[in-house]
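Chain residues, written in single-letter form:
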Amino acid sequence: MAKIAIDLKSGSIKKEDQLIVGIDLGTTNSLVAYIQNGEPVIVRDPEGQSGLVPSIIYFHPDHSVVVGHDARQHLIHDPGRTIFSVKRLMGKSYSDIASYEHHLGYEILNDDKDRLVKVRVGDRFYSPIDLSAHILRKLKSRIEEALSKPVEKAVITVPAYFNDAQRQATRDAGKLAGLDVLRIVNEPTAASLAYGLGLSPEEQKTIAVYDLGGGTFDISILRIEDGVFEVLATNGDTFLGGDDLDNAIVAFWTDKYGLKIANASDKQTLRLEAERAKKALSVSEYHTLDFNGQPLRISREEFEALLEPFVDRTILSCAAALKDAHLKPANIHEIIMVGGSTRIPLVKSRVSAFFGKQVHDELDPDEVVAAGAAIQADILAGNRKDLLLLDITPLSLGIETVGGLMDVIIPRNTKVPCGYARQYTTSVDGQKNLKISVYQGERDLVTNNRKLAEFILSDIPPMPAGIPKLEIRFQLNADGILQVFASELRSGTTQSIMVKPQYGIDEEEMGRMLLDSIRHAETDMVVKALTEAQNEGRMMVHSAGKFIQQNSNWLEEDQVGEIRRLTGLLNEAVDTGTKDEIQTSIEGLNAYTTPLAHRALEVHVAGAMRGQAIK
Ligand code: AMP
């Protein structure tokens, strides 16, 4: 029976200690954990010993839904209604996932390539958020049954590379499952906490977290100092994991034995057999089985030959992450292994050889992230001294300025949470509205970057060009969600927008965007310089026109004629010339107008003095 405590002083009912659970929402398996007597406890199924809930959902034709092990068994006979690898679909559009759609046994709706994907089961459609919510509901009820009390608050982990959209989708799934998601935490940070790293304030360490799960690979380099976690660099591949190894074994057998795969059910049987073989080969030298009367065999040596190129890719990612963090393998103090696929002996030995150190594999690699999430939840519940978790933003965030240039407000690799502001002004007299377009990416021209949002700052009081003080502030919270504020400081007009970025960017695309920015750096610089010269030229033409207007009382006719001729040349250069031709025209106009500007100043000062004298 639950106990109720009454505060005798106030007469109010005291709330029970709040329980916040930690959830590892994985591609292949999910887990839920909580803290008991200061230690993480993984909630296991009532019968078996396993804490893993397969991230699989089965939609029964009678519309009932089962999740986990019960769903997994339907993969073979009813693949079209059995949904797995949902995490790969989070925040993705159809065009993002088209390349590996054939690995999924179920139907992805393909009506609009750029819209968020939906899964079709019979006559119903489900978004990845709906599907993840089913998994989260299962975890919620599992822990509620285990503890015999309701659970409403959770911390959910996501890969370090998840972008804003994917984090937001994860949050939404939590909400849909009836959970108040207090924090989205990066998986490598959780894994470090599980190993007790970062829990004592005097600790100073650099850690590599190597996470090879069922569907994704992540390498993260973390720095712990003064009880603060900072992600120095991350790298990875959403399309690399245990599933790929299973597929490689299927391909190996199909090729070696000339197997004919008659239907989806055969395909799934073979996939499950491949996974069984892979796991067996972590401990034995070879594995045999019977598939539709055909004996199949694979040796560890053959498997390792298939595995080698995948491990090579992960090691390249490790090297890239270290390079980004400006570190060498020897600078890493601890290496943590996460994800079921790190049980493979060759994976452990290759990672250990690369870093020149023994890896941490004392804890169950499937459980470390959930255990760490529970520790983070405990910290949030106020049961531990406050630890701050810092992450970095993987791509630069900025706005479009005149000429389509990208003006970066938060540079890539900035620690979050953070806030930065920049001031701008108008380029047209009496401008009332300002369109703010928010972009993500490393290229100088916004057209090559990714548009996240657009909004209008309206009601700017009419003022001459250059007078309004427009401040754009970017606030990035600990979950990596961006809020943009725009204000006109003289009048106090303010508007803000929560940026829910367009869905559909993933690590691969992020990597591509970074590579593109390097590949195109030179041409980008040329275009940027030309655009800047054009902007400057247009401003000069505009100011020269104003100058003639404001000084018509004393300017000679031939002076006006010469300014008009020079602005005409400049206009032409802006429209059709190179950056240097524009610069030459700017200098020509400048050289002629500078003495006139001095003269104008004298005229104005003299006028002002006269005014004073009359008074
Ligand atoms: P996760 O996403 O962390 O749950 O990782 C699960 C992946 O680890 C799946 O692809 C499993 O097939 C794989 N896995 C689990 N145990 C082993 C093992 N003993 N040897 C090789 N792979 C394993």
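Data block above holds the structure.
Basis of the calculations
- Residues numbered from 1 in each chain as written.
- Predicted model: local features only at pLDDT ≥ 70, side-chain atom pairs only at ≥ 80, totals over all residues.
- Heavy atoms only, no water.
- Helix = DSSP H or I, 4+ residues; strand = E, 2+ residues; numbered from the N terminus.
- Expected span 1.5 Å × (residues − 1).
- Buried < 20%, exposed > 50% of the residue type's maximum accessible area, 1.4 Å probe, protein only.
- Near = heavy atom within 4 Å.
- Areas by Shrake-Rupley, 256 points an atom, 1.4 Å probe, with all protein chains shown as cover.
- Nonpolar A, V, L, I, M, F, W, Y, C, P; charged D, E, K, R; others polar.
- Domains from an automatic or database assignment.
- Salt bridge = Lys/Arg side-chain N within 4 Å of Asp/Glu carboxyl O.
- Axes fitted to C-alpha atoms, helices over the stretch in contact; angles between N-to-C directions.
- Parallel < 35°, antiparallel > 145°, perpendicular 65-115°, else oblique.
- Contact = heavy atoms within 4.5 Å.

Peer 1: So what exactly am I meant to see when it comes to helix α4 (residues 128-147) here?
Peer 2: Note that an α-helix has 3.6 residues per turn; residues three or four places apart therefore point the same way. End to end, α4 covers 29 Å across 20 residues, agreeing with the expected 28 Å (1.5 Å per residue, within 8%). Among the residues of α4, those classed as buried are Pro128, Ile129, Leu131, Ser132, Ala133, His134, Ile135, Leu136, Leu139, Lys140, Arg142 and Ile143. Just beyond α4, the residue with positive phi is Ser148, at close to 55 degrees.

Peer 1: How should the site of the ligand be read in this particular structure?
Peer 2: Taken together, 16 residues lie around the ligand, and Gly214, Glu275, Lys278, Ser282 and Arg343 are the ones closest in. Surface burial for the ligand is 89%, taken as the share of its 500 Å² of free accessible area covered by protein chains. Those elements giving two or more residues to the shell around the ligand turn out to be α7 (242-257) and α8 (264-280). Of the residues forming the shell around the ligand, the biggest block, three residues, is contributed by α8. Class assignment for the residues of the shell around the ligand results in one nonpolar, nine polar and six charged. Counting the residues that make up the shell around the ligand, at least three belong to each of domain 1 (6-195 + 365-380) and domain 2 (203-362).

Peer 1: Looking at this model, I keep getting lost on the environment of Asn163. Mind explaining?
Peer 2: Within the fold, Asn163 resides in the loop between β13 (153-158) and α5 (164-176). By relative accessible area, Asn163 is classed as buried at 5%. Taking C-alpha positions, Asn163 is 8.8 Å from Thr393, a pair spaced 230 residues apart along the chain.

Peer 1: I would appreciate a short explanation of the pattern of salt bridges in the present structure.
Peer 2: Charged atoms that come close allow side chains of opposite charge to pair. On inspection of all chains with the given rule, the structure shows 24 salt bridges. Salt-bridge contacts for Arg44 lead to Glu367; the nearest nitrogen and oxygen are separated by 2.9 Å. With Arg44 in the loop between β5 (39-42) and β6 (53-54) and Glu367 in the loop between α10 (345-355) and α11 (368-380), this residue pair connects regions lying 323 residues apart in the sequence. Taking the shortest distance from any N to any O, the salt bridge between Glu203 and Lys205 comes out at 3.6 Å. Judged by its relative accessible area of 14%, Glu203 falls in the buried class. Linked through salt bridges whose partners overlap, the residues forming this network are Arg72, Glu275 and Lys279.

Peer 1: What's the story with the packing of α7 against α8 in this structure? I'm lost.
Peer 2: If you want to describe how two helices pack, look at the angle between their axes and the distance between the axes. The geometry of α7 relative to α8 is characterised by a closest axis approach of 8 Å and an angle of 110 degrees between their N-to-C directions. By the angle between their directions, the pair α7 and α8 is classed as roughly perpendicular. Contacts between α7 and α8 involve Gly242, Leu245, Asp246, Asn247, Ile249, Val250, Trp253 and Thr254 from the first element and Leu270, Arg271, Glu273, Ala274, Glu275, Ala277 and Lys278 from the second. Of the residues assigned to the contact of α7 with α8, the class counts are seven nonpolar, three polar and five charged.

So far we have only geometry, and geometry alone does not tell us how the molecule works.
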